[in-house]
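Here's the letter readout for the chains.
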Amino acid sequence: MKNELIITNARLVDPATGKDELGAIWLKNGKIKDVHWGNAPEAPEGVETRDAQGNIIAPGLVDTRVFTGEPGHEYRETLESASNAAAAGGVTSFLLMPDTSPVIDDGALVDFIIRRADATSKVKILPSAAISKGLEGKDLTEFGLLKAAGAKAFTDGNSSIQSTSMLKNAFTYAKNFEMPIIHHVADSELIGDGVMNAGILSTGLGLKGIPHEAETIPLARDLQLADMTGVRYHAAQISCGKAAEMIAYAKQRNQHISAGISINHLCLNENDIGSYRTYFKLTPPLRAEDERQKMVEGLRDGTIDILHSAHDPQDTEGKRRPFAEATDGAIGLETLLAASLRLVHEEQISLTALLKTMTYNPAQLLGIDAGRLSKGAPADLIEIDLNYPWVVSEKDFKSRAQNTAFEHARLFGKVMTTWVNGQIVFEQS
Amino acid sequence: MTPNSRTAKNNASGTNAPTQHHFSQKHLLGISHLNPVEITELLDRAEAMVDISRQPKKAKHSLKGRTQINLFFENSTRTQSSFEIAGKRLGADVLNMAVQTSSVKKGETLIDTAATLNAMQPDVIVVRHAASGAVELLSQKVACSVVNAGDGTHEHPTQALLDALTIRRNKGRLNGLTVAICGDVANSRVARSNLLLLGAMNARTRVVGPKNMLPRGVEHMAAEVFTDMEEGLKDADVVMMLRLQHERASGKMIPSVREFYHFYGLDERKLAFAKEDAIVMHPGPMNRGVEIAPTIADGPRSVITEQVEMGVAVRMAVLEALLTNGEAV
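Residues numbered from 1 in each chain as written. Chains lettered and ligands numbered in written order. Predicted model: local features only at pLDDT ≥ 70, side-chain atom pairs only at ≥ 80, totals over all residues. Heavy atoms only, no water.

As annotated in an unreviewed UniProt entry, chain B is Aspartate carbamoyltransferase from Maritalea mobilis. UniProt lists a comment for chain B under the heading Sequence similarities (unreviewed entry), and it reads "Belongs to the aspartate/ornithine carbamoyltransferase superfamily. ATCase family." (UniProt positions renumbered as here; feature names shortened; annotations may be inferred.)

As named in an unreviewed UniProt entry, chain A is Dihydroorotase, taken from Maritalea mobilis.

Right under this line is the structure:
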């Protein structure tokens, strides 16, 4: 096992500081030993060097929203297959959602995830734990014991807690243990039987619509409870301009608030559903194009802090149904970075600002040491060829599922190499 | 409003010669897939079927030896019977499949059923399903033609065609007529298909109903939108009432049947605002005293039973056009 490497001739991008310059980086024993901006010094004898040929070297991505099927639905995705997909997509750490069977709502299950990840995963899998037992939105889980077992955040995953008093209690108790709450905001009564964005398209397709207010009304409640309790609050995924405005306003008085968005809501809109294409059936639903543009604006101006894949593997059986009866969700670990680079190529956002939302910002939320190119940081790195052309094809996926919302998309830019703790876990052939 | 609406195809010579147009579609999934030429052709073919149906000896043999399966995931005695009679009058072998749907695994049943039926080599499957888009999904999994007999709140194309035929026979045209579609538009596939068809044929479409029964974006589908019946019916040539689901008028959407009838039920007072020769339509089955007064439903301006007759003719025309590739038989 090689434990020392100098990568030369690299475009080093450090989202933590915003630095984007040529240089060299020295890895040793799984850590970054040193970062040389500008010309690299002569490599000491016996130390391997590698020429990045001007490609980008950046911290590996930290994905805050990944679902798998382990335990309970391994046919959809295992920790191992998800980790292979993550490595191929440049994701070196991800927060695992608790929506499994059984639900991760007990210390022993957090321990199970950590041990399974140790045994099978190439990348760092960080367990989250449910806020409510069984994701039922009624009774609190054992926050203290779950934290002690290794949970990095509390979230009910794809479920949204409807009870205001339950949320108030959860926020207060999470603050007690200084743990972040990541909440998917969705008013289940306003959603009702809704399956896509409410508007002319849903009317034409005869599908029940979901209004923006199904997101903004519970978000308003959460933001007030966050003020009231002082909890570290993260809105898991927002999809409309009004929600972004509310987050921006709340941030003016409360430093402990942040918001996320999935790559799907940043790159796609409701028109992609076309004629009942179920791979575009997502939670929250894809919105209209003007809302998508507001989301890009929100990411650029920092209102939206975190970009994630919302990787949600579904078997074909669940997707090959009439739209209203089909399952929600799309996979995204392998396309997150490449799809997001569209915004860089279109000059809508700078590379450092974009990478910050997938590295430094999520690392801060989860309280892990990642997302920086500096001495002593873990050597979790990715090499990106910014202009590498490729076409997304479900048959190339490492993921066990094929439900991508980017099938046949032509993308520019790809992860060429991924390192976790200084070891190569993926190399583009 | 599916994006695959087709535009009129030019014929080979590039002229607009009024030659026999050859209906070349494989399926009838929705009005949104038809252009005005195709709609007119189906209506013209249906006219001929009316004459055949009125003869004492109604048999036609254009579909002799062909197999038609009626696959109804939702119960509908009248639509199913109409399709059955239509197929039989053309000489087809018609099979009615009763499908028991388990509420959980509907979709699974749909795909499985499609594969099973496909293996039996039918020529056409007529499908009704509670989920919007389900019929289109099924059409992707079978080799034969598929007719949409109603999918969720999406489309019910043969209903719109039979309504158009009824209007055309009573008014002589569709172009320029003012048609008011009234009631629970939001939950109606009949309203959607009618708006698409009437819009394509240049009728002036109106929707009339309480705000919570008008879907978002309806102003893009109808020329005018009204929440007041008297305004909405003013000078209308055609008044088309929609069925109100009883469960929606018990406090869920509408406080009571009584209140709905008072403001949106078609009675003599409201009908007086329409043109004197306006016709009254209803896709059936009717709730007398809920959306329509009994005296109007059974009165001289009602063409509701004629609609039922036109239903058979239109379905004969559709089945024959699909299964004979538009060849005149």
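Bringing the packing of helix 1 (residues 79-89) of chain A against helix 2 (residues 107-120) of chain A into the picture now. Between two packed helices, what matters for the description is the angle formed by their axes and the separation of those axes. Residues and elements named next belong to chain A. Running from N to C, helix 1 and helix 2 point in directions that differ by 60 degrees, and their axes come no closer than 9 Å. The orientation of helix 1 with respect to helix 2, classified from their angle, is oblique. In this structure, the crossing between helix 1 and helix 2 has a hand that is right-handed. Seen from helix 1, the contacting residues are Leu 79, Glu 80 and Ser 83; seen from helix 2, they are Ile 113, Arg 116, Ala 117 and Thr 120. Of the residues belonging to the contact of helix 1 with helix 2, the class tally is three nonpolar, two polar and two charged. (Axes fitted to C-alpha atoms, helices over the stretch in contact; angles between N-to-C directions. Helix = DSSP H or I, 4+ residues; strand = E, 2+ residues; numbered from the N terminus. Parallel < 35°, antiparallel > 145°, perpendicular 65-115°, else oblique. Left-handed = near helix turned anticlockwise from the far one by under 90°. Contact = heavy atoms within 4.5 Å. Nonpolar A, V, L, I, M, F, W, Y, C, P; charged D, E, K, R; others polar.)

Glancing now at the sheet that holds strand 9 (residues 279-281) of chain B. All names here are of chain B. Strand order in this open sheet of five strands is 7-6-5-8-9, and the pairing throughout is parallel. Each edge of the open sheet carries a strand with a single partner, namely strand 7 (224-226) and strand 9. Taking the axes of each pair of neighbouring strands and ignoring which way they run, one obtains an average angle of 20 degrees across the sheet. Pairing of strand 5 (residues 178-182) with strand 8 (residues 238-241), which is carried by four bridges, proceeds in the parallel orientation. Paired with Ala 180 across the two strands is Val 239, which belongs to strand 8. On the sheet, helix 6 (residues 189-200) packs against strand 5, strand 6 (204-208) and strand 8 and is oriented at approximately 170 degrees with respect to strand 5. (Pairing = 2+ DSSP bridges.)

Looking now at the packing of aromatic side chains. The full count for this structure, using the stated rule, is five aromatic pairs over all chains. Ring geometry for A:Phe143 versus A:Tyr173: centroids 5.5 Å apart, planes at 35 degrees, classification tilted. Note that A:Phe143 is positioned in helix 3 (residues 143-149) and A:Tyr173 in helix 4 (residues 164-176), a separation of 30 residues in sequence. A:Phe143 sits in the buried class, given a relative accessible area of 0%. Where B:Phe260 meets B:Tyr264, the ring centres are 5.8 Å apart and the plane angle is 35 degrees; that geometry is what we call tilted. Of this pair, B:Phe260 and B:Tyr264 are both found in helix 8 (residues 257-264), four residues apart, which corresponds to roughly one turn of the helix. Residues B:Phe260 and B:Tyr264 agree in their burial class; the two are buried. When the ring centre of A:Trp26 is taken as origin, the NZ or CZ atom of A:Lys33, which lies over that ring, is 3.8 Å away. Just above the ring of A:Trp390 sits the side chain of A:Lys414; from NZ or CZ to the centre is 5.1 Å. (Phe/Tyr/Trp six-rings, centres within 6.5 Å; stacked < 30°, edge-to-face > 60°. Buried < 20%, exposed > 50% of the residue type's maximum accessible area, 1.4 Å probe, protein only. Lys NZ or Arg CZ within 6 Å of the ring centre and 35° of its normal.)

Let us now look at the environment of B:Arg258. In this fold, B:Arg258 is placed in helix 8. In this structure, the C-alpha to C-alpha distance between B:Arg258 and B:Arg45, residues 213 residues apart in sequence, is 43 Å.

By a frequent convention, interface size equals the accessible area lost on bringing the separate parts together. Residues and elements named next belong to chain A. The domains assigned to chain A are domain 1 (4-57 + 377-427) and domain 2 (60-366). Using C-alpha coordinates to define each centre, domain 1 is positioned 26 Å away from domain 2. Taken together, the contacts link 42 residues of domain 1 with 48 residues of domain 2. Around 3400 Å² of area is buried between domain 1 and domain 2 when both sides are counted, 67% of it from carbon and sulfur atoms. Looking at the side of domain 1 facing domain 2, the largest losses of area belong to Arg 400, Asn 403 and Phe 406, adding up to 22% of the total buried there. Summed over the shared surface of domain 1 and domain 2, the result is one salt bridge. Here Asp 380 and Lys 124 are joined by a salt bridge, their closest N and O atoms 2.7 Å apart. For the pair domain 1 and domain 2, the number of links is 15 residue pairs in polar contact (both at pLDDT 80 or more). Listing elements by their share of the side of domain 1 that touches domain 2, those giving two or more residues are strand 1 (4-14), strand 2 (19-28), strand 16 (381-391), strand 17 (410-420) and strand 18 (423-427). Ranked by residues supplied to the side of domain 1 that touches domain 2, first place goes to strand 17 with nine residues. (Domains from an automatic or database assignment. Buried area = accessible area lost by both parts, 1.4 Å probe. Salt bridge = Lys/Arg side-chain N within 4 Å of Asp/Glu carboxyl O. Polar contact = N/O pair within 3.5 Å; in protein donor to acceptor, adjacent residues only side chain to side chain.)

A few words now on the interface of chain B and chain A. Tallying the contact residues gives 28 residues for chain B and 20 residues for chain A. Across the interface of chain B and chain A, roughly 1900 Å² is buried in total on both sides, 57% from carbon and sulfur atoms. Our count for the contact surface shared by chain B and chain A stands at zero salt bridges. Summed over the shared surface of chain B and chain A, the result is six residue pairs in polar contact (both at pLDDT 80 or more).

Glancing now at the UniProt feature "domain: Amidohydrolase" (unreviewed entry) in chain A. Mapped onto this numbering, the UniProt entry annotates "domain: Amidohydrolase" (unreviewed entry) at residues 346-426 of chain A. Overall, residues 346-426 of chain A shows 16% helix and 32% strand. The separation of its end C-alpha atoms is 28 Å.

So, about the UniProt feature "binding site: carbamoyl phosphate" (unreviewed entry) in chain B. Residues and elements named next belong to chain B. Look at the UniProt record and you will see "binding site: carbamoyl phosphate" (unreviewed entry) annotated at Arg 78, Thr 79, Arg 128, His 156, Gln 159, Gly 284 and Pro 285. As for its position among the elements, Arg 78 is in helix 2 (residues 77-89). Looking at Arg 78, the relative accessible area reads 43%, which means it is partly exposed. When sequence neighbours within four positions are dropped, the list of residues in contact with Arg 78 reads Pro 283, Gly 284, Pro 285 and Val 308. In this structure, Pro 285 sits in the loop between strand 9 and helix 10 (294-297). Residue contacts for Pro 285: discarding those within four places in its chain leaves Arg 78, Arg 243 and Glu 291.

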